[in-house]
Amino acid sequence: MENDSTVKKGAVIFLIAIILCGHAFAQRAVEVSLRFSRQETAVRVVFESDEDTIRNASVTANPASVRLEFPSRVDLKIQSDFPFELIRKDKVVVMNLRDVTDVRAYRLTAPARIVVDMKTVAQAPKEPRKPEQKPLQQQTGQTAQKPQEPSAARPAEQPQAGEKGKKVKTVMIDAGHGGYDSGIISADAKEKDVNLSLAKDLYNALAKKGYSVLMTRKVDQPSSLTERINFSGSKNHEVFISIHASSSERFAVYTATGDEQGADAVKLFSTASRQNRHLAKSRNLARVLADALRADFGAEIVQRELPLPILSNMNATAVMIDYPSVRAYAADVKLREKFVNAVVKGIAGHEQ
Amino acid sequence: MSSKKVLLTLAALVLVIAAMAGGYYFLHRYRPLEKPAVTAGQGQSTSPEPEDISSFRIYYPVDSRLQVIERRVHRKSKQTAAAESVMEEFFKGPGGGAPSAVPQNVKVLGVYRDAAQILYVDLSDELRRNFQGDALAEYLVLQGIFESLMANIQEVRDVKVLVEGKEIESMGGHFHLKFPLKGVVSSELKAEEKVSRE
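Residues numbered from 1 in each chain as written. Chains lettered and ligands numbered in written order. Predicted model: local features only at pLDDT ≥ 70, side-chain atom pairs only at ≥ 80, totals over all residues. Heavy atoms only, no water.

**Topic: the overall build of chain B**
At step 1: Counting its secondary structure elements, chain B contains five helices and six strands.
At step 2: Listed by position from the N terminus, the elements making up chain B come as α-β-β-α-β-β-α-α-β-α-β.
At step 3: Taking all 198 residues of chain B together, the buried fraction comes to 46%.
At step 4: When contacts within chain B are restricted to residue pairs at least 6 apart in sequence, long-range pairs at least 24 apart make up 61% of them.
At step 5: Surface exposure of chain B reaches about 10,200 Å², of which carbon and sulfur atoms provide 54%. (Helix = DSSP H or I, 4+ residues; strand = E, 2+ residues; numbered from the N terminus. Buried < 20%, exposed > 50% of the residue type's maximum accessible area, 1.4 Å probe, protein only. Contact = heavy atoms within 4.5 Å. Areas by Shrake-Rupley, 256 points an atom, 1.4 Å probe, with all protein chains shown as cover.)

This is the structure:
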């Protein structure tokens, strides 16, 4: 009898041990240490772990975020004062970056590690606050006339201050393409030129209405997606509008792809968290703009979601508008005016 | 209960736990990360295929979507050579007069695979120079490259496009090309919404 009881006790202990071991096995997380070093315009982040984990990890890096997918769940040991936001989900670690202009990731051995080198923008000393600028109309004394066209000489980041007493909204306009990147070419017309022309007209029309306006480019110059994203990230603005041409004969209004249907690893990366909190407003602006364009042009407008980096990385209400024909818009001033008026109406109708 | 019975029960429980652990391990470690790949030779054709011919499923951008077309090419034993064939077929375009954003005269300069199973596709500069399209067209071309390779080449985790051996910022100015394609094109396109109501 005593023998039976001992066996039973032993069996229960053995079972508990097996269950605990199984649980520990299932939950086993690989330890990954995360450390960083910083110089004036560079940050180095190092993920160190065992060789298998590092070899089988996949890394996707861009100046907005770095995403690492490890072969198994990881237990991150993070150096204190880590400078970037970290999002962890099972095997995936995403670093949301700030003020990064270039990023490189590579694997090294002995010890096995993934090194992410980032170039950051130098922190400029804060300028003393300037007195409020007068509206452009008052500066020129030509209140009834068309506002002065934004010149290349004036820095693109100088916003136009709004009228006194009016709730000022800052709008950033992005003229797509530029420099060696012509975009769509139709006969002699280049998309980059038409985009810039429309952007300048929109700038003037919005400034006239009292908006503060910023532009990502004011001349025909190359400007990479990363540069545009970084420039936009460094300025405060409530609305971002990117202007491009469509390949089809229809207007299209794009918003970033949302990830509200389950933030799995891929979606976690595809929509940067910056745009996530503005998606509802971005969709509302897209709807209002589409309605305004339809009302003025009587045409069918396509609304679509695309994981466009210029929208996904935007910390503001952000849409991209594609107008239908580069050739027609290059040649027809009235068509451009009609487009600009519809966009201004759309922005005015959009409630922040 | 005799000790023999207890030991038998114990053994049975250990077996059940081992089976559950095995099932867990199989499902979580060996479940394919991507959707099931359609490997060369799994085409839907019913006619017998000569031994040296493979069928590839190529994803062509046509209008505002990807259209899958089956292409037959000489079988390649090496996966990187098969990937080159897939890309060559892709850049021939869908044919049949279908309008497509696939840039013309793009040459496949090479395909390489690294230890992390990332496929590097080196293409000629015509990819950038001859692309004429909007954001949707660019998305579909990149997605077509990615899906065509993932569907036909085994054990590929991601695809990276190089132009003349170098990373470039973008093909058409709307999407990053400096980074592997999975993070760029893996969002499922939702149907477009047309605004035409009065």
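Still more ground to cover, so stick around.
**What to know about the pairing of strand E6 (residues 85-89) of chain A**
All names here are of chain A.
At step 1: Summarising the sheet, E6 and strand E7 (residues 92-96) pair through five bridges and their orientation is antiparallel. Looking at the pairing, lysine 89 lines up with valine 92 of E7.
At step 2: Adjacent in sequence and paired antiparallel, E6 and E7 are bridged by two residues, among which aspartate 90 carries a positive phi angle near 50°. (Pairing = 2+ DSSP bridges.)

**Here's the deal with the pattern of salt bridges**
All names here are of chain B.
At step 1: Using the criterion set out here, one finds 20 salt bridges over all chains in the structure.
At step 2: For lysine 107, the salt bridge is made with glutamate 126, and the minimal N-O distance between the two is 3.9 Å. Separated by 19 residues along the polypeptide, lysine 107 in the loop between helix H2 (79-91) and strand E3 (108-113) and glutamate 126 in helix H3 (residues 126-129) bring together distant segments of the chain.
At step 3: One network of salt bridges, in which partners are shared, links Lys107, Asp125, Glu126, Arg128 and Arg129. (Salt bridge = Lys/Arg side-chain N within 4 Å of Asp/Glu carboxyl O.)

**Side note on the confidence of the model for chain B**
Segments scoring low in pLDDT should not have their predicted coordinates read at a detailed level.
Residue and element names in this part refer to chain B.
At step 1: On average, residues of chain B carry a pLDDT of 82, and 79% of them reach 70 or more.
At step 2: For the stretch residues 29-49, pLDDT sits under 50, and the model shows 34 contacts to residues farther than four places along the chain or on other chains.
At step 3: Across the interfaces of the predicted complex, the ipTM metric reaches 0.72, alongside a pTM of 0.66. (pLDDT = per-residue confidence, 0-100.)

**Section: the sheet that holds E3 of chain B**
All names here are of chain B.
At step 1: Ordered in space as E3-E4-E5, the three strands form an open sheet in which the pairing is mixed. The open sheet has two edge strands with one neighbour each: E3 and strand E5 (158-163). Each strand of the sheet is rotated relative to its neighbour by a mean of 20°, with strand direction disregarded.
At step 2: Direction of pairing for E3 relative to strand E4 (residues 118-123): antiparallel, over a ladder of five bridges. Across the sheet, glycine 110 pairs through a bridge with aspartate 122, a residue of E4.
At step 3: Docked against the sheet, H2 engages E3 and E4, running at close to 140° with respect to E3.
At step 4: Along the sheet, helix H4 (residues 135-152) makes contact with E4 and E5, crossing E5 at roughly 130°. (Axes fitted to C-alpha atoms, helices over the stretch in contact; angles between N-to-C directions.)

**Examining the sheet that holds E7 of chain A**
All names here are of chain A.
At step 1: Across the sheet, which stays open at both edges, the four strands sit in the order E3-E4-E7-E6 with antiparallel pairing between neighbours. Whereas interior strands pair on both sides, the edge strands pair on one side only; in this sheet they are strand E3 (58-62) and E6. On average, each strand axis in the sheet is tilted by 10° relative to the strand beside it, whichever way the strands run.

**Remarks on unusual backbone geometry**
At step 1: You will see that histidine 177 of chain A, though not glycine, has its phi angle at about 60°, which is positive.
At step 2: Here histidine 177 of chain A lies in the loop between strand E10 (170-175) and strand E11 (185-186).
At step 3: In this structure histidine 177 of chain A comes out as buried when scored by relative accessible area, which is 2%.
At step 4: Its identity is not glycine, yet glutamate 164 of chain B carries a phi of approximately 50°, on the positive side.
At step 5: Examined against the element boundaries, glutamate 164 of chain B turns out to sit in the loop between E5 and helix H5 (182-185).
At step 6: In this structure glutamate 164 of chain B comes out as partly exposed when scored by relative accessible area, which is 45%.

**Some points on the packing of helix H8 (residues 279-297) of chain A against helix H11 (residues 333-349) of chain A**
Residues and elements named next belong to chain A.
At step 1: Remark: H8 packs on H11, axes separated minimally by 8 Å, with the N-to-C direction vectors making an angle of 140°. Judged by the angle between their axes, H8 and H11 are oblique. Classified by chirality, the crossing of H11 by H8 is right-handed. Seen from H8, the contacting residues are Leu285, Val288, Leu289, Ala292, Leu293, Asp296 and Phe297; seen from H11, they are Leu335, Lys338, Phe339, Asn341, Ala342, Val343, Lys345, Gly346, Ile347 and Gly349. (Parallel < 35°, antiparallel > 145°, perpendicular 65-115°, else oblique. Left-handed = near helix turned anticlockwise from the far one by under 90°.)

**Observations concerning helix H4 (residues 191-208) of chain A**
Residue and element names in this part refer to chain A.
At step 1: With 18 residues, H4 extends 26 Å between its outermost C-alpha atoms, agreeing within 8% with the 26 Å of an ideal straight helix rising 1.5 Å per residue.
At step 2: Along H4, 14 of the 18 residues are buried, which leaves the element largely enclosed by surrounding structure.
At step 3: At the C-terminal side of H4, glycine 210 shows a positive phi close to 100°. (Expected span 1.5 Å × (residues − 1).)

**Re empty space enclosed by the protein**
At step 1: Scanning the model with the defined rule gives three cavities of 30 Å³ or more in all.
At step 2: Size it by volume and the second largest cavity reaches roughly 70 Å³.
At step 3: Contributing to the lining of the second largest cavity are 10 residues, with Ser58 and Thr60 of chain A together with Arg157, Asp158 and Lys182 of chain B lying nearest its centre.
At step 4: Of all elements in the fold, only E3 and strand E4 (65-69) of chain A reach the threshold of two or more residues within the lining of the second largest cavity. (1 Å grid on protein atoms, 1.4 Å probe; cavity = no way out; pocket = protein on both sides within 12 Å on 5 of 7 lines; lining within 4 Å. Points joined across faces, edges and corners; volume = space filled by probe spheres on them.)

**Some details on the environment of valine 106 of chain B**
Residue and element names in this part refer to chain B.
At step 1: Assignment of secondary structure puts valine 106 in the loop between H2 and E3.
At step 2: Separated by 19 residues in the primary sequence, valine 106 and aspartate 125 have C-alpha atoms spaced 7.3 Å apart.
At step 3: Every residue in contact with valine 106, bar those within four places of it in the chain, is listed here: Phe91, Leu123, Ser124, Glu126 and Leu127.

**Topic: the packing of aromatic side chains**
At step 1: This model, assessed by the stated rule, comprises 11 aromatic pairs over all chains.
At step 2: On the basis of an interplanar angle of 40° and a centroid distance of 5.0 Å, the ring pair of tyrosine 323 of chain A and tyrosine 329 of chain A is categorised as tilted.
At step 3: Tyrosine 323 of chain A gets classed as buried once you look at its relative accessible area, which sits at 0%.
At step 4: Exposure remark for tyrosine 329 of chain A: the relative accessible area of 2% places this residue in the buried category.
At step 5: Geometrically, the ring pair formed by tyrosine 139 of chain B and phenylalanine 175 of chain B is tilted, given 5.3 Å between the ring centres and 50° between the ring planes. Residue tyrosine 139 of chain B is located in helix H4, and its partner phenylalanine 175 of chain B is located in the loop between E5 and H5; the two are separated by 36 residues in the primary sequence.
At step 6: The exposure class assigned to tyrosine 139 of chain B is buried, which follows from its relative accessible area of 0%.
At step 7: Taken together through their ring pairs, the aromatic side chains of Phe251, Phe297, Tyr323, Tyr329 and Phe339 of chain A make up a single cluster.
At step 8: The aromatic ring of phenylalanine 297 of chain A is capped on one face by lysine 338 of chain A, whose charged end is 4.8 Å from the ring centroid. (Phe/Tyr/Trp six-rings, centres within 6.5 Å; stacked < 30°, edge-to-face > 60°. Lys NZ or Arg CZ within 6 Å of the ring centre and 35° of its normal.)

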